[in-house]
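Observations on the three-dimensional arrangement
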Amino acid sequence: MTTFFGDNRFKFGVFGINCAGGMTPSRAPERWRADWNEMVAVAQLADEAGIEFLLPIAKWHGLGGLADMWGRSFETFTQAAALGAQTKRTGLFVTAHVSLITPAFAAKAIATLDHATNGRAGLNIVCGWNPDEFKPHGIKLDGEHRYARGLEWFKIYAKLLEGGPKFDWKGQYFDLEGLITDPLPLQQPMPPVMSAAQSGDGQTFAAQAADILFTTMQDMSVTKSTVEHLQNSAAAFGRRPEVYVQTQFVCKPTRKEAEEYVHYYAVEMADPDAVEYFARQRRSTMSASTKIGGTALDRELAATLSGEKPRRFPGMFAGMYPVIGTPDDVVEVLQKVASLGVSGSTLVFLNYLQELPYFIQEVFPRMERAGLRAAVPALANEPV
Ligand SMILES: Cc1cc2nc3c(=O)[nH]c(=O)nc-3n(C[C@H](O)[C@H](O)[C@H](O)COP(=O)(O)O)c2cc1C
């Protein structure tokens, strides 16, 4: 049984364990290495704790710099299926670059994963931002039209999962014949769809395709209106996506320990060349309309590139909201975030296996007392 859309007021997705570096551009030696057995251990910790889902990153190229973050990465469909066999209730998102796989492949693969995991599959649709990742596939990423193409891709995928008779598709980007898929997924009408976007184009896409929208939270004072804006745009398409934000946790018994640790790995041990490469590549595929408006994230990235404004934590991604402190501090921040209409966030640590157990042990019971999460039954009592 999936816990994706369970009753917890604040939900979590462990983000990035399939890639070396996880989501932290740091060269600290204890950084995440994406060792398979450690990935399984984290997946099982998440499963036991009732964490809603695991969210992998689809990557085909590292970020260079001193640590070459993401240079090592496991493919997301196959790793989700394998982790599904080692877990019982956590949701398993796959991340699909829609320029690399066809809607018919995705529909069949998602249905396979959904049956194999008793209804725990989810699809994170990504339209791409790094042209270098597409070169090994012989594909030129079209930044201007990537979301329009992605939306047509999603419409074909969704129609396939309706399960009707064979159909052909002639659109602006796809010309396909004989589309049909069987079996359909267990989750109906389809497994949850996620999209992550800050740009106007990206959000328009998400409003039409997503059940979960991931966005950034540069500044909490504007988050409530961001959530309202997103949900209003989605309402025009008959959707009400849950909004999640990106958070990175540094949680220690004392504030001093947490602050020293984050200073060590995200300042002293930052990998600035990796972040600069990320910023440059991302900006190179921005559409004309995004360039004009810009987003808070892109303004931060531009400042990084120009060297105008040093970032507080150069060893964290722009757009990743740092939550630093004791378990009580963490819960206080999460209460504030939940009060803005946000449904959940990413669980990101420098080293997931070293840091997640303490987080589960200390933060989860406090979240239960604060009404943000409910206790889960022990896995031994859960049907497989
Ligand atoms: C939670 C989350 C997960 C993402 N996963 C991936 C991924 O696995 N692969 C990828 O290439 N991009 C990924 N992205 C990047 C987005 O899909 C998107 O390309 C990027 O945020 C630029 O979006 P925008 O300029 O349209 O706002 C992710 C972003 C977020 C916030």
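Just above, that's the structure.
Presented here is an overview of the structure given in this document. Treat the numbers as computed from the prediction; the structure is a model and nothing was measured.

Cut-off values and rules
- Residues numbered from 1 in each chain as written.
- Predicted model: local features only at pLDDT ≥ 70, side-chain atom pairs only at ≥ 80, totals over all residues.
- Heavy atoms only, no water.
- Pairing = 2+ DSSP bridges.
- Helix = DSSP H or I, 4+ residues; strand = E, 2+ residues; numbered from the N terminus.
- Axes fitted to C-alpha atoms, helices over the stretch in contact; angles between N-to-C directions.
- 1 Å grid on protein atoms, 1.4 Å probe; cavity = no way out; pocket = protein on both sides within 12 Å on 5 of 7 lines; lining within 4 Å.
- Points joined across faces, edges and corners; volume = space filled by probe spheres on them.
- Nonpolar A, V, L, I, M, F, W, Y, C, P; charged D, E, K, R; others polar.
- Core = buried A, V, L, I, M, F, W, Y, C linked by side-chain atoms within 4.5 Å.
- Buried < 20%, exposed > 50% of the residue type's maximum accessible area, 1.4 Å probe, protein only.
- Near = heavy atom within 4 Å.
- Polar contact = N/O pair within 3.5 Å; in protein donor to acceptor, adjacent residues only side chain to side chain.
- Areas by Shrake-Rupley, 256 points an atom, 1.4 Å probe, with all protein chains shown as cover.
- Sits in = over half its atoms within 2 Å of the grid points.
- Salt bridge = Lys/Arg side-chain N within 4 Å of Asp/Glu carboxyl O.

Moving on: the sheet that holds strand β9 (residues 242-245). What the eight strands build is a closed barrel, ordered β1-β2-β3-β4-β7-β8-β9-β12; its pairing is parallel. Strand-to-strand twist of the sheet, defined as the mean angle between neighbouring strand axes without regard to direction, takes the value 30°. Relative to strand β4 (residues 121-126), strand β3 (residues 91-97) is paired through six bridges, and the arrangement is parallel. Pairing of Thr-95 across the sheet is with Asn-124, part of β4.

On inspection of all chains with the given rule, the structure shows two cavities of 30 Å³ or more. One number sums up the size of the largest cavity: a volume of about 720 Å³. If you go around the largest cavity, you meet 41 residues; those closest to its centre are Val-126, Trp-129, Ala-196, Gln-198 and Arg-282. Only β3, β4, α5 (146-162), β7 (193-196), α9 (272-284) and α11 (296-306) provide two or more residues apiece to the lining of the largest cavity. Among the residues forming the lining of the largest cavity, the class breakdown is 23 nonpolar, 13 polar and five charged. Reported here for the second largest cavity is a volume of approximately 50 Å³.

The next subject is the nonpolar core. General note: in soluble globular proteins, nonpolar side chains tend to be found buried as a group. Formed by 100 residues in total, the largest nonpolar core has its most connected members in Phe-12, Ile-51, Trp-153, Tyr-157 and Phe-359. In terms of nonpolar packing, the next biggest core, distinct from the first, is built from 11 residues, Val-250, Ala-266, Met-316 and Ile-324 among them.

Neighbouring residues of the ligand: 19 residues in total, closest Ala-58, Tyr-147, Gln-198, Ser-199 and Arg-282. One of the side-chain N or O atoms of Trp-129 is found 3.3 Å from a nitrogen atom in the ligand. At 3.2 Å from an oxygen atom of the ligand is found a side-chain nitrogen or oxygen belonging to Arg-282. Look at the ligand: alone it shows 630 Å² of surface, and the protein chains cover 94% of it. A molecule is said to occupy a pocket when more than half its atoms come within 2 Å of that pocket's grid points, and by this definition the ligand occupies the largest cavity. Taken together, the elements giving at least two residues each to the shell around the ligand come down to β3 and β4. Among the residues making up the shell around the ligand, the classes are represented as 10 nonpolar, six polar and three charged.

Here we come to the pairing of strand β5 (residues 167-170). For a regular strand, side chains alternate in direction, first toward one face of the sheet and then toward the other. Burial along β5 is one-sided: Phe-167 and Trp-169 are buried, while Asp-168 and Lys-170, pointing the other way, are not. The turn joining β5 and strand β6 (residues 175-179), which pair antiparallel and follow one another in sequence, is formed by four residues.

Turning our eyes to something else, we now look at the pattern of salt bridges. Note that side chains of opposite charge can pair when their charged atoms are close. Inspection of the entire model under this criterion finds 11 salt bridges. Ionic pairing is found between Glu-52 and Arg-373, a salt bridge with its closest N-O pair at 3.1 Å. Residue Glu-52 is located in the loop between α1 (36-49) and β2 (53-55), and its partner Arg-373 is located in the segment after α13 (352-369); the two are separated by 321 residues in the primary sequence. Of the residues examined, Glu-52 reaches a relative accessible area of 2% and is grouped as buried. Note that Asp-329 is salt-bridged to Arg-255, the shortest N-O span being 2.7 Å. With Asp-329 in helix α12 (residues 327-338) and Arg-255 in helix α8 (residues 255-268), this residue pair connects regions lying 74 residues apart in the sequence.

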